[in-house]
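These are the residues of each chain, in order.
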Amino acid sequence: MSLLLSGLNNEQVKAVTLEEKSALVLAGAGSGKTRVLTTRISYLIQSRQVSPHNILAVTFTNKAAKEMRARISNMLPINIQGMWVGTFHSLCNRMLRAHYQDAGLPQAFQILDSSDQLAVIKRVLKDINVDNEKFTPRQVQWFINNAKDDGLRGLQVEVYDDFTRKMVEFYLAYEQQCNKEGVVDFSELLLRSYELLIRNEVLQKHYSSRFIHILVDEFQDTSQLQYKWLRLLAGSESSVFVVGDDDQSIYAFRGANTGNMKEFKRDFHISGVIKLEQNYRSHGNILDAANTLIRNNNGRLDKNLWTAEDHGELLKVYNAPTDLDEASFIVNEVKSLHTEGVRFSKIGVLYRSNAQSRVLEHALFNASLSYRVYGGLRFFERQEVKHALAYLRMIANPDDDNALLRIINFPTRGIGARSLEQLQDSAKEQGGSLWQAALEMSCGKGGKGRSSASRIENKNIDAPRKGINSFVFLIESMRHDCSELSLPEIVDHMLVHSGLADYYNNHREGANRLENLNELINAITIYIQESEDSSLTAFLAHASLEAGEYQNSDNQDAIQLMTVHSAKGLEFHSVFLSGLEEGLFPHDNSYNEAGGLEEERRLMYVALTRAQQRVYLSFAQSRMLHGQTHYNVPSRFLNEIPKNLLKVLHPIQEFEDIEEISIDSNYRDNVSVKDSILKKKSSSLEVHAIDSSKWNIGKRVVHKKFGVGVIVSYEGAGVDARVQVKFNEYGTKWLSLEYAKFLSI
DNA sequence: ACTGATTCTTTTTTT
DNA sequence: AAGAATCAGT
């Protein structure tokens, strides 16, 4: 035991060895939170003789769950298989699989990811003829998920106007459709599991007496429903140990509710909160910057993070003319960091939104640096993989309409809009899934026996079949053939018989996709090694729940690219935080949301505290986003960091390169872009109708009346010269150079 | 029914 | 800018 606790500070030891039943640990960034959690579990097992069987640990990501398992295995020489460790979603999935009948689900129920969910919603809306522009599928999706996160079924949602009445109607229709198909979305996993426990006292008693110790990581990110689920699972006897940091709550958009910390204290009679305030990760300056910034938020729990490290370097700020320049700056710095001996994998390049990764990837790629992007286009979301998974889903549960629609005519087998329409009509009539309708249709036509076995025997005689018949036959024979096969064999069989392998083999540009399909086989091999349940259904659940975590298992040294959200819980030697511009970080959409800005600030706080030794903050005056050039002002968060902690770096090149870009996107005449560039190049005098060293596009100006702004365009010369300026607070205006009152340029 | 082309939409963060 | 949805021609 002394070995377990060695190297921990007093507060950490106190948390690990706590005697009281339940506890709230307020753990700042980098304060050894994960270590405390894993050590406590090991301590419980080793010193208090708690069986792993009696422990349940909830983490925020699957990755964290994996790591926790690994760490505990390292500390203890015993088998911890019986311990339940995972995300809320994966634990609920596990519970629902075990009690699918009590939960009212088919054994092979499938899980919808967000895009699947959206597809179902679109179908449902179309079905009940909602063409209304007023109700976008996204809105409906948002509404449904919010209701579910609050634990509400369609009929429980309070209706207070026409809008909610409609939404509830859609919610109910959606619910019905999902039940028909035997599919559940992410929120549904939680809600079902919660309802299972609250309705079935025997089960609730069973689980709450089994899980004597419940430990929760990232507690600040739990939703209302998740908290209720926990309370139910704990019952009155279990001990609940939660760890969280209100300053790192960045998932409010997904229903996270910091208020749970307060409720927890009340519900579980917590007398004293344990605070872990010593940061072991970052140098002083970085921590000072983060602390000062976060102090701008209101209603924080009292906490003061400190470090025994020295100040370290100043945070570096880079002002880039364009996003391209920002990227090349980052590339250069990364290179020199690497020469200094920093491993690539210890360098994190962070951004607010996934769309920003493009430019960065491009620059890194051209510099032949190896990098890895997290999030973005996830492996299991690629279309060829989705096609393959859809076939697998049909094998597991043919009532999955999403899956059926995806593959019924892919590869093409002569089923067009007409046949599909018929199929959908007849499904609607019968009130069943598309598959049931298709089955009915093909049996009716054939007028022969229904057993799939007889069909298979008649394989040669019955071919060639057409349209829906051939599809039904295909799926039925696949289901039949696969019933006895192992998971890798099933996938192999499916790839061949579905025609997917052939299709991508013969298609131009199919090579890449074929590679991904091979990767899928790889993923399955890894999955089988790592998990206890190697059934098809279990794998499909895994694919839905861990879409984000799968990565080519190469462990090569690569630069880490990700959003700030996915960086939570990680640490790097050096952190690049790019795109620090108003409208991007903080994001435009946050301005109008209640508490939006504070959440953005916490996000910034998370970003800063990822760094051990070095932070680079960069922003671009102009940025290409969604096909348009945007001119932004530096993020307010830069101003919230004390000046004496910052070192401003200057751009290396000044105007040479910028000229082309500004012409490219802003030249207002009807001259073709190419022409204008040529013209500008041939005569530099003509270029500067307005002295561009002064009135450069993207340049920051201060106006007497309108305040701070950025030049977005200019035209005319001499007395007629005008500039278009986008002001922070007054919008975009054309101003005459002769009369405009600029205080500084 | 299939294809290629054109128009429309999306565009924060994630299990 | 990139994808999805829709349309027109074969």
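Residues numbered from 1 in each chain as written. Chains lettered and ligands numbered in written order. Predicted model: local features only at pLDDT ≥ 70, side-chain atom pairs only at ≥ 80, totals over all residues. Heavy atoms only, no water.

Asker: Report on the sheet that holds strand E1 (residues 23-27), specifying residues and quantitative values.
Answerer: Strands sit in the order E3-E2-E6-E7-E1-E8 across an open sheet of six strands; the sheet is parallel. The sheet is open, and its two edges are formed by strand E3 (84-86) and strand E8 (274-276), each paired on a single side. Recorded for the sheet is a direction-independent mean angle of 10 degrees between the axes of neighbouring strands. Two strands pair when backbone bridges link them, and strand E2 (residues 55-58) and strand E6 (residues 213-216) are joined in this way by four bridges, in the parallel orientation. Pairing of Ile55 across the sheet is with His213, part of E6. Set on the sheet, helix H12 (residues 259-267) makes contact with E1 and strand E7 (239-244); between it and E1 the angle comes to about 150 degrees. (Pairing = 2+ DSSP bridges. Helix = DSSP H or I, 4+ residues; strand = E, 2+ residues; numbered from the N terminus. Axes fitted to C-alpha atoms, helices over the stretch in contact; angles between N-to-C directions. Contact = heavy atoms within 4.5 Å.)

Asker: So what's going on with the packing of helix H10 (residues 201-210) against helix H11 (residues 224-234)? Residues and values would help.
Answerer: Contact geometry of H10 with H11 gives a least axis separation of 7 Å together with a crossing angle of 80 degrees. Here H10 lies roughly perpendicular to H11, going by the angle between them. Note on element contacts: H11 touches H10 through Leu232, Leu233 and Ala234, opposite Gln204, Tyr207 and Ser208. Here the contact of H10 with H11 is built from residues that sort into four nonpolar, two polar and no charged. (Parallel < 35°, antiparallel > 145°, perpendicular 65-115°, else oblique. Nonpolar A, V, L, I, M, F, W, Y, C, P; charged D, E, K, R; others polar.)

Asker: I'd like a description of the packing of aromatic side chains, backed by residues and values.
Answerer: Applying the stated criterion across every chain yields a total of 21 aromatic pairs. With a centroid separation of 5.8 Å and 75 degrees between ring planes, the pair formed by Phe88 and Trp229 is classed as edge-to-face. Separated by 141 residues along the polypeptide, Phe88 in helix H5 (residues 88-98) and Trp229 in helix H11 bring together distant segments of the chain. For the pair formed by Phe88 and Trp229, the shared burial category is buried. An angle of 80 degrees between the planes, with centres 6.4 Å apart, marks the rings of Trp435 and Phe471 as edge-to-face. Taken together, the positions of Trp435 in helix H19 (residues 434-446) and Phe471 in helix H22 (residues 467-482) put the pair 36 residues apart, joining distant regions of the chain. Here Trp435 and Phe471 have matching classes, each one buried. (Phe/Tyr/Trp six-rings, centres within 6.5 Å; stacked < 30°, edge-to-face > 60°. Buried < 20%, exposed > 50% of the residue type's maximum accessible area, 1.4 Å probe, protein only.)

Asker: So what's going on with the pairing of E7? Residues and values would help.
Answerer: Where a strand is regular, its side chains alternate between the two sheet faces. Summarising burial for E7: six of the six residues are buried, a large majority. Along E7, one buried face is formed by Ser239, Phe241 and Val243 and the opposite face, lined by Val240, Val242 and Gly244, is buried too. Relative to E7, E6 is paired through four bridges, and the arrangement is parallel. Its bridge partner lying in E7, Val216 is registered against Val242. After leaving E6, the chain enters H11 and then returns to the sheet as E7, a path that is right-handed. (Right-handed = clockwise from strand over helix to strand, strands pointing away.)

Asker: With reference to specific residues and values, describe the pairing of strand E17 (residues 628-631).
Answerer: Across four bridges, the pairing between strand E16 (residues 611-625) and E17 is antiparallel. From the neighbouring strand, Met624 faces E17, where its bridge partner is Thr629. Taken together, E16 and the strand that follows it, E17, pair antiparallel across an intervening segment of two residues, in which His626 is found at a positive phi of about 50 degrees.

Asker: I'd love a proper account of empty space enclosed by the protein, names of residues and values included.
Answerer: A complete count under the given rule lists one cavity of 30 Å³ or more for this structure. One number sums up the size of the largest cavity: a volume of about 40 Å³. Considering the residues around the largest cavity, the lining is formed by Asp323, Glu326, Gln356, Val359, Leu360, Ser578 and Arg623. Mapped by element, the contributors of at least two residues to the lining of the largest cavity are helix H14 (323-339) and helix H15 (357-366). (1 Å grid on protein atoms, 1.4 Å probe; cavity = no way out; pocket = protein on both sides within 12 Å on 5 of 7 lines; lining within 4 Å. Points joined across faces, edges and corners; volume = space filled by probe spheres on them.)

Asker: Tell me about the pattern of salt bridges, and name the residues and values.
Answerer: A complete count under the given rule lists 39 salt bridges for this structure. Its salt-bridge partner being Arg601, residue Glu640 comes within 2.7 Å of it at the nearest N-O pair. Taken together, the residues Glu640 in the loop between helix H29 (636-639) and strand E18 (646-649) and Arg601 in helix H28 (residues 596-608) connect sequence positions 39 residues apart. Under the relative-accessibility criterion, Arg601 is labelled buried at 8%. Through salt bridges that share partners, Lys148, Arg153, Glu175, Asp185, Glu188, Arg192, Glu195 and Arg199 make up one connected network. (Salt bridge = Lys/Arg side-chain N within 4 Å of Asp/Glu carboxyl O.)

Asker: Could you give an account of the state of the cysteines, naming the residues involved and the relevant values?
Answerer: Considering all chains together, one arrives at zero disulfides under this definition. Looking at the unpaired Cys92, the closest cysteine sulfur is the one in Cys178, lying at 17 Å. Residue classification places Cys92 among the buried residues on the basis of a relative accessible area of 0%. (Disulfide = S-S within 2.5 Å.)

Asker: Lay out H14 with the relevant residues and their values.
Answerer: Residues lying three or four places apart along an α-helix face the same way, a consequence of the helix completing one turn every 3.6 residues. The first and last C-alpha atoms of H14 sit 25 Å apart over 17 residues, in line with the 24 Å expected at 1.5 Å per residue. Those residues of H14 that sit buried are Asp323, Asp325, Glu326, Ala327, Phe329, Ile330, Val331, Glu333, Val334 and Leu337. Capping the start of H14 is the job of one residue whose side-chain oxygen sits 3.3 Å from the backbone nitrogen of Leu324: Thr322. Looking one or two residues beyond H14, the residue adopting positive phi is Gly341, at roughly 105 degrees. (Expected span 1.5 Å × (residues − 1). Polar contact = N/O pair within 3.5 Å; in protein donor to acceptor, adjacent residues only side chain to side chain.)

Asker: Before we move on, can you summarise the side chain of Asp113 with the specific residues and values?
Answerer: Topologically, Asp113 is positioned in the loop between strand E4 (110-112) and helix H6 (114-127). With a relative accessible area of 11%, Asp113 lands in the buried category. Only 3.0 Å separates the side chain of Asp113 from the side chain of Ser115, close enough to count as a polar contact.

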